[in-house]
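Structural characterization, general
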Amino acid sequence: MDTSLSLPRGTAAQDSPVAAVSTVRIADDKAMLRAAADLTRDLVKPRPAVYWADLIGSVVIGYGALVVAAASGSTAVAIVAGIVAMLGLYRGLSFIHEVSHMKHAAVPNFRLGWNILVGVPLLTPSFMYEGVHNLHHSKTRYGTVEDPEYLPLALMKPWTLPLFIVVSALAPLALLFRYAVLSPLSLLSPKLRTMVVERYSALAINPQFRRRSPEGDAKAYWNRLEVGASVWALTLIGLTVSGVLPLRAFLTFLGVASAAAVINQVRTLVAHLWENDGEVMTVTAQYLDTVNVPPPALLPALWAPVGLRYHALHHLLPGLPYHALGEAHRRISAELDAMSPYHKASYPGLPGLVSKIARSTMTRR
């Protein structure tokens, strides 16, 4: 799951030492690819009970803590509750990634339940990721200008990294404006509607990406979700302006949502090495440009929840449900020898990854 952010593409230096990384074509490691497929055939079936229990638990904790944060008279309690609310809702929101991959019949009504509990209330309905994220997994699109979720961040100017993070804090306000203002107005203007669909209806980071208009059942589902999100956004504003919803509660909601967006953007920053500057890559090269942060590290379970700590493995096996990724990683790690490229995508934690990409940008001339 990536948040929307526009940074200028094409700022990678062609004469940069780092840029040379993307020009070396890495051949596919067939032993790794075969082992990954063979060792995980029995793990591909999602477990609905796990999905529902995890989602419901996340939202109960998240919304419950949000109420405490908004109502508490103690600053310390409000801060702690706000952090708990952010982590709970962030985990719930992260299920949008699973929704974009799953066969919906395998976990009946989960997409609908997720949209009701999380997608619409947090103004990120599933259509903003469905039909977008799958392009990121295309073998011929990954890392190219046609990938909605890729920028060569490691090859850009150093100032792009803090901008990448800071701008994400404005995501809740941008989403509120998109659904409370742009959605209703776009019904009156076909030109504006085209702009809203193409540019403001995808959780993407590539500013050159333009989304196609949905068709058929996808369009009908999109419209229902957009109406729901728009009604909720207008209701939220109306309740706040009328005083029914205290301003503190509204600001607490925005603050928690903003913090979740920032954490997600930090996770996005370290989800890949971002060293490709537009070349088509092999599956192994894509894997090595992506990151696993496996145990024994504990904190990734908070900042990269719902299987996102195994992001590189997910790129090898995008059909595996999130609850199977840990077991899949253990099996593959034990099977492949120490020289396998599989082990090269694993990193110990967040600080080292942030430092790595920051150093990469510092090498630009």
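This is a predicted model, so every value here is computed, not measured. (Residues numbered from 1 in each chain as written. Predicted model: local features only at pLDDT ≥ 70, side-chain atom pairs only at ≥ 80, totals over all residues. Heavy atoms only, no water.)

Examining the nonpolar core
How we decide: Residue types Ala, Val, Leu, Ile, Met, Phe, Trp, Tyr and Cys, when buried and joined through side-chain atoms within 4.5 Å, form a set referred to as a nonpolar core. Exposed residues in this analysis have more than 50% of their type's maximum accessible area, buried residues have under 20%, and partly exposed residues fall in between, with area computed by a 1.4 Å probe over protein chains only. Here a strand is any run of E in DSSP of at least two residues, a helix any run of H or I of at least four, and the numbering for each starts at the N terminus. By definition, residues are in contact when any of their heavy atoms lie within 4.5 Å.
Grouped together as the largest cluster of nonpolar side chains are 43 residues, with contacts concentrated most on Phe95, Phe110, Trp114 and Tyr179. Counting residues per element, the ones that place at least two in this core are α2 (48–71), α3 (75–101), α4 (110–119), α7 (171–186), α9 (216–242) and α10 (247–271). Residue contributions to this core peak at eight residues, all from α3. When neighbours within four sequence positions are excluded, Trp114 is seen to be in contact with Leu55, Gly92, Leu93, Phe95, Ile96, Val99, Gly119, Thr124, Pro125 and Ser126. Membership of the second largest hydrophobic core comes to 20 residues, among which are Leu313, Ala324, Ala328 and Tyr342.

Here we look at the environment of Thr240
As for its placement among the helices and strands, Thr240 is situated in helix α9. Judged by its relative accessible area of 15%, Thr240 is buried. For Thr240, the residues in contact, after removing those within four places along its chain, are Leu245, Leu247 and Phe250.

So, helix α14 (residues 325–335)
Because the α-helix completes a turn every 3.6 residues, residues three or four places apart line up on one side. Formally: This arc is built from the directions going out from the helix axis to the C-beta atoms.
When we look at burial in α14, the residues that qualify are Leu325, Gly326, Ala328, His329 and Ile332. Buried residues along α14 cover an arc of 160° about the axis, so they all sit on one side. In α14, the exposed positions that point more than 90 degrees away from the buried face belong to Arg330, Ala334 and Glu335. Against the buried residues of α14 lie α1 (30–38) and α13 (311–316).

This is a description of form; function is not addressed.
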